[in-house]
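# Structural description and commentary
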Amino acid sequence: MAVLKHIASKNADYRAAFNYLVYQHDEFTQKPILDEQGRRMLRQEYYLDGLLCHPLEFARACNKTNERYHKNQKKNEIKSHHYILSFDPRDREENGLTGEEAQRMGLQFAAENFPGHQALVCTHTDGHNGSGNIHVHIVINSVRAADVERKEFMERPCDSRAGNKHHLTNSYLKYLKQQVMTMCQNRQLYQVDLLNPALEKVTEQEYWAGRRGQENLDRRNEEIRQEGLTPRTTKFETQKEFLRKAIRDCAAKCGSIEEFQKMLLDEYGISLRDKRGRFSYTHPDREKAVTGRMLGAAFEKEYLVDIFEKNSKARNDRTKTDTKRDTERQPDFSADSKASGTPAAEQNSKKTKPQIYTTTKVRLIVDLENCIKAQQSRAYAQKVKITNLKQMAQTLAYVQEHGYANVEELEKALSDAKAQTSDARHSLKETEAALSDVNKKIRLTGQYLGNKAVYAEYRKTKKSRDFYEQHRAELSLYESAREQLRAMYGKQKLPSMKSLKEEKDSLVSAKNAQYEAYQTSRTQQRELQTVVSNVRQMLGLNQERAAAQEKIKSIN
């Protein structure tokens, strides 16, 4: 599957792009790899060509073009654009793709889609992730060097004239992806749909975070094995990957959003928020939520709701099938009834019948006098009257069931329900704040302990500058965690990770219980609010209040 990637660079040194394409670089630090004499090492296999310039003269040609048109003179301007065409690793073995052919395809792609731009086209056959996938780098100067014939994908007239900068819009990027798909289809290479969002979206930052995390985990596990112990885990998992696995697992079992939300919180400690038709998820070890769009199309609301509907339908079908099977298996007592002289209907009535519990939700009674639609349509008014009668009956049943004698008792119950809901919400917020604080402590403690060994080695080297440059990220994380923990605990001894996780588990349990209590209180409050409004409407108290307000206004 060929993937198109774009990188905009503000680096004014065009030689850096040439050096990266030609010489070997470290995957993590992006620094050149040197041999024993301190010289840069060429890549084992690469194919390099230039458009509108010789590849060795790319930097000089770009600088001349910039000076000629007085462009790219400011620091914050985009100096070059880097496009990467990465082919599927299977194309090499199964479809016979070679480096020479990929270079030819890359040259044709650059000439057709970036006409008039000085460009470097380089093909690598190794693949930086060790998969051996063939990929083509296309680096173009952001300023067009020559006038060209206007193409269909050029949105502005100036996009075909020399001296104007490369302008990448959403429609242009969509056109480029379509060209990549067409190119692979013509060559019968593996290809995915680049025009629709990916079901699982892994960004460049997440990919490298996973690579670095796995490398650190392998190093720690090796130390554990040397001590004669067995590592607890061998595969590093980013927070986003943890969210994806949890969402996939829960979505396969749930039939509604409410069930999905509760299962995520109970089993994984993940908070789900549905706002403006979009899902966002909060990892138990972080405070900021991650939107479903950042995880991929398979984790957005629309996609998951379809899964819930299918699961619910499958459940109903299974229930109907089981009910039908049980009915068919029930014995027929009609013969026994004839023998005993007892009617079958009488014997069936003696059998225990299952109780069916139905939940009815009380709704607000519609005020016909102030309903414009009811005044305009007689049929609609008649329908509303019937619905109001049903709601009145349900309201009376609710009042009788709960034993309310008058309106004052109802309003007092509503006031108590509001206070109970407010207290439950306040307690839930306090627990959430405490849980967030514990999560932060766990994160900082893990960050502190995980990089403590590197800091110890750094002190053994007497704080060598070279060692610090090689382990800048680990040392920065250690120092940052140390300072924050000192601000939290002062001179107190740091708690163990075990005690922090136990505290977190107790807070999660308390949060779940408080959340259920809050939901129950809020539901009761809303129901009472509706009942009180309906009772006042049935007794005419709302009209009396409105008339009194009008009288006060007329007096004033």
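The structure under discussion appears in the preceding block.
Within each chain, residues carry numbers counting from 1 in the order of the written sequence. The model is predicted, so local features are restricted to residues of pLDDT at least 70 and side-chain atom pairs to those at 80 or more, both for listing and for counting; the totals for chains, interfaces and linings are taken over all residues. Only hydrogens and water are set aside when side-chain values are computed; all heavy atoms of the structure are taken into account.

### Notes on the pairing of strand 5 (residues 135–141)
Using the following cut-off: Relative accessibility decides the category of a residue: with a 1.4 Å probe and only protein chains considered, values under 20% of the type maximum give buried, values over 50% give exposed, and everything between is partly exposed. Helix and strand assignments come from DSSP, with helices taken as H or I runs of at least 4 residues and strands as E runs of at least 2, each series counted from the N terminus. Strand pairing requires that DSSP identify at least two bridges connecting the strands.
Counting buried residues in strand 5 gives 7 out of 7 residues, a clear majority hidden from the surface. Going residue by residue along strand 5, you find His135, His137, Val139 and Asn141 tucked away on one face and Val136, Ile138 and Ile140 tucked away on the opposite face as well. Of the strand pairs in this sheet, strand 3 (residues 80–86) and strand 5 are connected by 7 bridges, and their pairing is antiparallel. Bridge pairing in strand 5 places His82 opposite Val139. Where strand 4 (residues 119–124) lies against strand 5, 6 bridges are found, and the strand directions are antiparallel. From the neighbouring strand, His124 faces strand 5, where its bridge partner is His135.

### Remarks on the sheet that holds strand 7 (residues 278–282)
Strand pairing in a sheet relies on backbone hydrogen bonds. The paired strands run either parallel or antiparallel. Taken in spatial order, the 3 strands make up an open sheet running 6-7-8, and their pairing is antiparallel. The open sheet is flanked by strand 6 (271–275) and strand 8 (290–291), the only strands paired with a single partner. When strand 7 meets strand 8, the two strands line up antiparallel, connected through 2 bridges. Looking across to strand 8, one finds that Tyr281 is bridged to Val290.

### What to know about empty space enclosed by the protein
What counts here: A cavity here means a set of 1 Å grid points, computed over protein atoms only, where a 1.4 Å probe fits but cannot escape. A pocket is an open set with protein on both sides within 12 Å along at least 5 of 7 lines, and lining residues have an atom within 4 Å of a point. Grid points are joined across faces, edges and corners, and a volume is the space filled by probe spheres set on the points.
In this structure the tally under the stated criterion is 2 cavities of 30 Å³ or more. When its volume is computed, the largest cavity comes out at roughly 120 Å³. As for the largest cavity, its lining consists of Asn113, Arg144, Phe153, Met154, Glu155, Asp159, Lys165, His166, His167, Thr169 and Tyr172. For the second largest cavity, the calculated volume is near 40 Å³. If you trace the second largest cavity, you find it lined by Leu265, Gly269, Pro284, Leu435, Asn439, Lys504, Val508 and Lys511. Mapped by element, the contributors of at least two residues to the lining of the second largest cavity are helix 15 (407–450) and helix 19 (497–539).

### Topic: the packing of helix 4 (residues 99–113) against helix 5 (residues 170–187)
So the rule is basically this: Interaxial angle, 0 to 180 degrees, is taken between N-to-C directions of lines fitted to C-alpha atoms, where a helix line uses only the stretch in contact. Definitions for this section: a left-handed crossing has its near helix turned counterclockwise from the far helix by less than a right angle. A right-handed crossing has that turn clockwise. Contact definition: two residues touch when any of their heavy atoms are within 4.5 Å. Polar here means any residue outside two lists: the nonpolar Ala, Val, Leu, Ile, Met, Phe, Trp, Tyr, Cys and Pro, and the charged Asp, Glu, Lys and Arg; Gly therefore counts as polar.
At their nearest, the axes of helix 4 and helix 5 sit 12 Å apart, and the two run at 145 degrees to each other. Of the two elements, helix 4 crosses helix 5, and the hand of that crossing is right-handed. Contacts from Glu101, Met105, Phe109, Glu112 and Asn113 of helix 4 reach helix 5 at Tyr172, Tyr175, Leu176, Gln179, Val180, Met183 and Arg187. Split by residue class, the contact of helix 4 with helix 5 holds 7 nonpolar, 2 polar and 3 charged.

### Here's the deal with the nonpolar core
Short version of the rule: The definition of a nonpolar core used throughout is a set of buried Ala, Val, Leu, Ile, Met, Phe, Trp, Tyr and Cys residues joined through side-chain atoms within 4.5 Å.
Core analysis: the largest hydrophobic core is formed by 28 residues, its most contacted members being Leu85, Phe87, Phe114, Ile138 and Val180. Elements that contribute at least two residues to this core include exactly strand 3, helix 4, strand 4, strand 5 and helix 5. Sorting elements by how many residues they give to this core places helix 5 first, with 6 residues. When residues no more than four places from it in sequence are discounted, the contact partners of Phe114 are Tyr83, Phe109, Ile138, Ile140, His166, Tyr172 and Leu176. Ile270, Leu272, Phe279 and Leu304 belong to the second largest nonpolar core, which has 19 residues in total.

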